[in-house]
Amino acid sequence: MEHIVIIGNGIAGVTAARHIRKLSDKRITIISTETDYFFSRTALMYVYMGHMKFEHTQPYEKGFWKKNRIELVKGYVSQVLPKEKKLLLRDGEGMSYDKLVIATGSKPNKFDWPGQDLDGVQGLYSKQDLDQLEVNAPNKQVCKRAVIVGGGLIGIELAEMLRTRDIPVTFLVREDSFWNGVLPSGESQMINEHILEHHIDLRLGASLKEIVSDENGRVKSVVVEETGEEIPCDLVGLTAGVTPNIGFLKDSGIELGRGVKVNRFLETNIKDIYAIGDCAEQHEAIGNRRPIEAVWYTGRMMGETVAQTLCGNKMPYNPGHWFNSAKFLDIEYQTYGWVFSERRKKAEEVHFHWRHPKEKLCITIAFHRDSEEFLGINTFGIRLRHEVFDRWLTEKRNIEYVVEHLVDANFDPEFYRTYEKDIVNQFNSDFGKSIILKKKSLKRIFQMS
């Protein structure tokens, strides 16, 4: 019986295992050192915040693995030996494979800051990080102040978590506006305001110089690069992005860049070895996507794709139109297609930005200057239908069609206030148009004949 070994039990690795089992009777082994069972990584914050228990983050009951004949091995792979088709584990054990899937995910970035390995300095990625946070910051008596370094999605999550326990937070963001390498300026400015309204000490244009130790090897303060200010703290959260977790592959002969290099079939340069999820790096990026995508849903899609290939139905990875969602404290964010920040925006890309005069609600729609083709939309605080925008992007609808039919995309619950009329009125004013908003049509939404 062919033996498929998967290193990593995150969303990519476990999805691959599930779909291999659906399609075949092959022997499947998952190796991971993080936890005994798969859990939803994006839900870790809610465990700390008291909204759920850790066992609630596990989608499958413990009997699922035995029932589906998926072997779980708790261990750390220290070396891959492709010629022998063998893995060496840190405890000295070895394991043979017929086909290998590398799904080892990411680890928090470190940039050789002095003091970055002190006690009280940590990231927020793994179950071990969550456990360590309970030690480092169980309450405001133990942790009198936390400093978070890096202004991305994990940073804002960690800030929200700590504030639920009334722990004062200073947030060091190197850019001059929060996440402005990703968000257009209007959206970034709104999030700046929202962070400050949640009593988080947001320091823009501020980067870390060093982390200072006390006499016991524990963090006692950080020093800000730009001002030299020393900020006393008991916890430093390093959230300046993640990098593929591939250190153990250095001498394996598997081609590496920032991640494990793969082609469209998620194959490495070595036969019968594949890579998926956060640790995989496309030789050539797919469209506007980055070569490495540390995103939950792309990991799931890669797992489904590689399972088909491993079971005899060779399939290229085709993630379709870009989309993502996140939460900035209590503001929900969705993006469909491409809306670039001013830093990455192309000359032919035009933005229409609408923001509510009082509430933290806004949208930005991108379209092509000449053809007026709809390119993408960002929305904050207004829920929109993924399938509707996916269809409009595929159909290459123009901006007027999208604005005219915006009500079809609204997915907010019944009795929520809607803002499409305000949005259309501003669009008409900004661009000299006379669009009249269409009434919502279930026939159009669900493409009923």
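Refer to the structure printed above.
Calculation criteria
Residues numbered from 1 in each chain as written. Predicted model: local features only at pLDDT ≥ 70, side-chain atom pairs only at ≥ 80, totals over all residues. Heavy atoms only, no water. Salt bridge = Lys/Arg side-chain N within 4 Å of Asp/Glu carboxyl O. Helix = DSSP H or I, 4+ residues; strand = E, 2+ residues; numbered from the N terminus. Buried < 20%, exposed > 50% of the residue type's maximum accessible area, 1.4 Å probe, protein only. 1 Å grid on protein atoms, 1.4 Å probe; cavity = no way out; pocket = protein on both sides within 12 Å on 5 of 7 lines; lining within 4 Å. Points joined across faces, edges and corners; volume = space filled by probe spheres on them. Nonpolar A, V, L, I, M, F, W, Y, C, P; charged D, E, K, R; others polar. Pairing = 2+ DSSP bridges. Axes fitted to C-alpha atoms, helices over the stretch in contact; angles between N-to-C directions. Core = buried A, V, L, I, M, F, W, Y, C linked by side-chain atoms within 4.5 Å. Contact = heavy atoms within 4.5 Å. Patch = residues over 30% accessible without salt bridge, like charges linked within 9 Å, V, L, I, M, F, W, Y side chains within 5 Å. Areas by Shrake-Rupley, 256 points an atom, 1.4 Å probe, with all protein chains shown as cover. Lys, Arg positive; Asp, Glu negative; His and termini not counted. Charge placed at Lys NZ, Arg CZ, Asp CG, Glu CD. Left-handed = near helix turned anticlockwise from the far one by under 90°.

### Section: the pattern of salt bridges
Reasoning step 1: By the definition in use, this model includes 29 salt bridges.
Reasoning step 2: Among the salt bridges present, the one from Glu-134 reaches Arg-165, with a minimum N-O distance of 2.8 Å. In this pair, Glu-134 is assigned in helix 4 (residues 127-136) and Arg-165 in the loop between helix 5 (153-163) and strand 11 (169-173), connecting sequence segments 31 residues apart.
Reasoning step 3: In this structure, Asp-272 engages Lys-271 in a salt bridge whose closest nitrogen and oxygen atoms are separated by 3.6 Å.
Reasoning step 4: On the basis of relative accessible area, Lys-271 is assigned to the exposed category, the value being 67%.
Reasoning step 5: Salt bridges linked by common partners bring Glu-193, Glu-197, Arg-355 and Lys-360 together as one network.

### Things to note about the layout of surface pockets
Reasoning step 1: Reported here for the second largest pocket is a volume of approximately 360 Å³.
Reasoning step 2: Lining the second largest pocket are 20 residues, with Asn-288, Gly-337, Trp-338, Leu-375 and Leu-393 sitting closest to its centre.
Reasoning step 3: In terms of residue class, the lining of the second largest pocket is made up of 7 nonpolar, 7 polar and 6 charged.

### Considerations on the sheet that holds strand 7 (residues 99-102)
Reasoning step 1: Taken in spatial order, the 5 strands line up as 3-2-1-7-19 in an open sheet, and their pairing is parallel. Since the sheet does not close on itself, it has two edges, and those belong to strand 3 (70-74) and strand 19 (273-275), each with one partner. Neighbour to neighbour, the strand axes of the sheet diverge by 20° on average, direction disregarded.
Reasoning step 2: Relative to strand 3, strand 2 (residues 27-32) is paired through 5 bridges, and the arrangement is parallel. The residue bridging Thr-29 from the neighbouring strand is Glu-71, located in strand 3.

### Digging into the nonpolar core
Reasoning step 1: Counting 79 residues, the largest nonpolar core has Ile-6, Val-80, Leu-87, Leu-100, Ile-102, Ile-276 and Phe-389 as its most contacted members.
Reasoning step 2: Aside from chain neighbours lying at most four places away, what touches Leu-87 is Val-5, Ile-7, Ile-31, Val-77, Gln-79, Val-80, Glu-93, Gly-94, Met-95, Tyr-97 and Leu-100.
Reasoning step 3: One finds Met-49, Cys-143, Leu-162 and Trp-179 within the second-largest nonpolar core, a separate group that totals 38 residues.

### Considering the sheet that holds strand 13 (residues 208-213)
Reasoning step 1: Taken in spatial order, the 3 strands make up an open sheet running 13-14-15, and their pairing is antiparallel. In the strand order of this sheet, the two ends are held by strand 13 and strand 15 (230-232), each with one partner. Strand after strand, the sheet turns through a mean of 25° between neighbouring axes, direction not considered.
Reasoning step 2: Pairing analysis gives 5 bridges linking strand 13 to strand 14 (residues 219-224), with the strands arranged antiparallel. In the strand pairing of strand 14, Ser-213 is matched with Val-219.

### Notes on a positive patch on the surface
Reasoning step 1: Together, Arg-258, Arg-290, Arg-344 and Lys-346 make up a region of like positive charge exposed at the surface.
Reasoning step 2: Among the structural elements, Arg-258 can be located in the loop between strand 17 (242-244) and strand 18 (260-262).

### Some remarks on empty space enclosed by the protein
Reasoning step 1: Tallied over the entire structure, the rule returns 2 cavities of 30 Å³ or more.
Reasoning step 2: Its boundaries defined by the atoms lining it, the largest cavity holds a volume of some 50 Å³.
Reasoning step 3: Ile-363, Ile-377, Ile-382, Leu-384, Leu-406, Asn-410, Tyr-419, Glu-420 and Ile-423 are the residues that line the largest cavity.
Reasoning step 4: Within the lining of the largest cavity, the residues separate by chemical class into 7 nonpolar, 1 polar and 1 charged.
Reasoning step 5: In this structure, the second largest cavity encloses a volume near 40 Å³.
Reasoning step 6: Contributing to the lining of the second largest cavity are Gln-282, Ile-286, Arg-289, Arg-290, Pro-291, Ile-292, Glu-293, Met-302 and Tyr-317.
Reasoning step 7: Per-class residue counts for the lining of the second largest cavity are 5 nonpolar, 1 polar and 3 charged.

### A few points about the packing of helix 1 (residues 11-23) against helix 7 (residues 296-310)
Reasoning step 1: Following both chains from N to C, one finds helix 1 and helix 7 inclined at 35°, their axes separated by 7 Å at the closest point. The handedness of the crossing between helix 1 and helix 7 comes out as right-handed. Contact with helix 1, carried on its side by Ile-11, Ala-12, Thr-15, Ala-16, His-19, Ile-20 and Leu-23, involves Trp-296, Gly-299, Arg-300, Gly-303, Glu-304, Val-306, Ala-307, Gln-308 and Leu-310 of helix 7 and no other residues of that element.
Reasoning step 2: In the contact of helix 1 with helix 7, the residues fall into 9 nonpolar, 5 polar and 2 charged.

### Points about the environment of Gly-94
Reasoning step 1: Structurally, Gly-94 can be placed in strand 6 (residues 94-96).
Reasoning step 2: Setting aside anything within four residues of it in sequence, one finds Gly-94 in contact with Lys-86, Leu-87 and Leu-88.

### Overview of the environment of Ala-12
Reasoning step 1: Within the secondary structure, Ala-12 sits in helix 1.
Reasoning step 2: Separated by 284 residues in sequence, Ala-12 and Trp-296 have C-alpha atoms that sit 8.1 Å apart.
Reasoning step 3: Discounting chain neighbours no more than four positions away, the residues touching Ala-12 are Ala-103, Ile-276, Gly-277, Gly-299 and Gly-303.

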